[in-house]
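Chain by chain, the residues run as shown.
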Amino acid sequence: MIKESTRESVDKLVRAQRKYFRSGVTRSYDFRMKALNNLLKLIRNNEAKILHALKKDLNKSEAEAYTTEIGFLLEEIRHTQKHLKKWMEPKKVKTAKTHIGSKGYTIAEPYGVTLIIAPWNYPFQLQLAPLIGAIAAGNTAILKPSELTPLTSKLLDELIKEYYHPDFIAVVEGGIETNQILLDQPLDYIFFTGSVPVGKIVMEAASKRLIPITLELGGKSPCIVDETADLKLAAKRIAFGKFTNAGQTCIAPDYMYLHKNIRQPFIDTFKEVIKEFYGENPLRNEEFGKIVNDRHFNRLKSYLSEGEILSGGKYDESSEKIEPTLLAPHDTSSPVMSDEIFGPIFPVMEYENINEVIDFVVERPKPLALYLFTTNKEIEEKVVNNISFGGGSINDTLMHIATPYLPFGGVGESGIGSYHGESSFVAFSHNKSVLNQTNKFDFSFRYPNAKHGLKIIKKLMK
């Protein structure tokens, strides 16, 4: 069990980081680049330890852990270092005709002391990916790992202490009580990744001090397969997206709509793909992940009775594994169709007209992701233009998150704000506007004693 942090220790840490930030040391380009280099070293020099912790906490295979946690971060850091100087430069803006003689520009200014709260499903990557943005923008950072992945949490604490001074970056371990203490601090920015219910608590706490926030939440992300899709390729890409990390991915396809003309052929193909990926008995496959704890295992197990099992459905309580499962739900209002599943259970429904799917999705909270498999451009445009979602892919799953050139974030209940690449730098920066006015001449008509002042102003501002 991870011990809760004390209010005294957290108060002291926040004061120390605020003092360090006010010294101005974090603002220089050289300091930020050095800090990013240290993060590269932290990851590269401790790859074996990171893989071990992820294996113990979530039974992640080496290939999956490297791809989704380590490699992702290395690429993000390299991209940030390549573009950081340009991002930091003041940006000139055009001069309005009412401001002739002046010059305007914006400066990306760091917020100050930031708090980054990470979830348990990708406990290493989702803790450090936002940190890249915080460092790049010139902030200090307090990291709060999830207590549900204790080995990764402990490792993060050890590594951050080894590579950074706590006045700059520090880890605070603990559970709900520690989160409450952290959220009661006079912070300058909060970045939270996790569930919608906890996101609401974070937003409420931030509102009391008017602290700006980014919320990366979740929701029920739909996957749509129409009759023009390449069934084999679609099955492989959907299975990859759904069953990576045993379905414990915030942007995993949550439920699937199949066109009635390809429903059975697709299901048959999907079953074969599951066998190709995980063998005849996925529960005994060491490469297939476990459910994080008993509570989530039992929650997922209860969903199995809410529909007809089309494939899979077996589970092993001793290893906390549930095999990849296709399920035809009895009722679209049941928990498996109203809760975010966050596991390897995949509800399957049928449609005849794409408008049925659009109506179903838009009547519910806006999803974090959407996936559409089609070669019909008309269908693609109709879905993209009529459904609001955070981000997504056409003819693929998950991969939109892997490019630093696309911002990643939700909309409505699936989140507020976005990050990755330049968007991470923007998320952790205040865009400060500055007008530099000329002293060479003055527009006297703006003053209250000016003759014909209003007449001139009206002409200029038409």
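Residues numbered from 1 in each chain as written. Predicted model: local features only at pLDDT ≥ 70, side-chain atom pairs only at ≥ 80, totals over all residues. Heavy atoms only, no water.

Within an unreviewed UniProt entry, the label attached to the protein chain reads Aldehyde dehydrogenase, and the organism entered is Fictibacillus nanhaiensis. The Sequence similarities (unreviewed entry) field of the UniProt record for the protein chain holds the comment "Belongs to the aldehyde dehydrogenase family." (UniProt positions renumbered as here; feature names shortened; annotations may be inferred.)

Details of the sheet that holds strand β9 (residues 255-259)
The seven strands are arranged β10-β13-β14-β9-β8-β15-β16 in an open sheet whose pairing can be described as mixed. The strands lining the two open edges of the sheet, one partner per strand, are β10 (307-311) and β16 (391-394). Within the sheet, the average angular offset between the axes of one strand and its neighbour, ignoring direction, is 25°. Here three bridges tie strand β13 (residues 325-329) to strand β14 (residues 345-351), and the two strands are oriented parallel to one another. What sits directly across from Leu326, in β14, is Phe346. Sheet strands touched by helix α10 (residues 263-278): β8 (222-225), β9, β10, β13 and β14. Its angle to β9, the strand with the most contacts, is close to 130°. Docked against the sheet, helix α14 (residues 377-386) engages β8, β15 (369-373) and β16, running at close to 170° with respect to β15. (Pairing = 2+ DSSP bridges. Helix = DSSP H or I, 4+ residues; strand = E, 2+ residues; numbered from the N terminus. Axes fitted to C-alpha atoms, helices over the stretch in contact; angles between N-to-C directions. Contact = heavy atoms within 4.5 Å.)

Observations concerning the UniProt feature "active site" (unreviewed entry) in the protein chain
Listed under "active site" (unreviewed entry) in the UniProt record, and renumbered for this structure, are Glu216. With respect to the element layout, Glu216 can be found in strand β7 (residues 213-216). Here Glu216 is in contact with Phe191, Phe192, Thr193, Gly194, Phe408, Gly409, Gly410, Ser414, Gly417, Ser418 and Tyr419, once residues within four sequence places are set aside.

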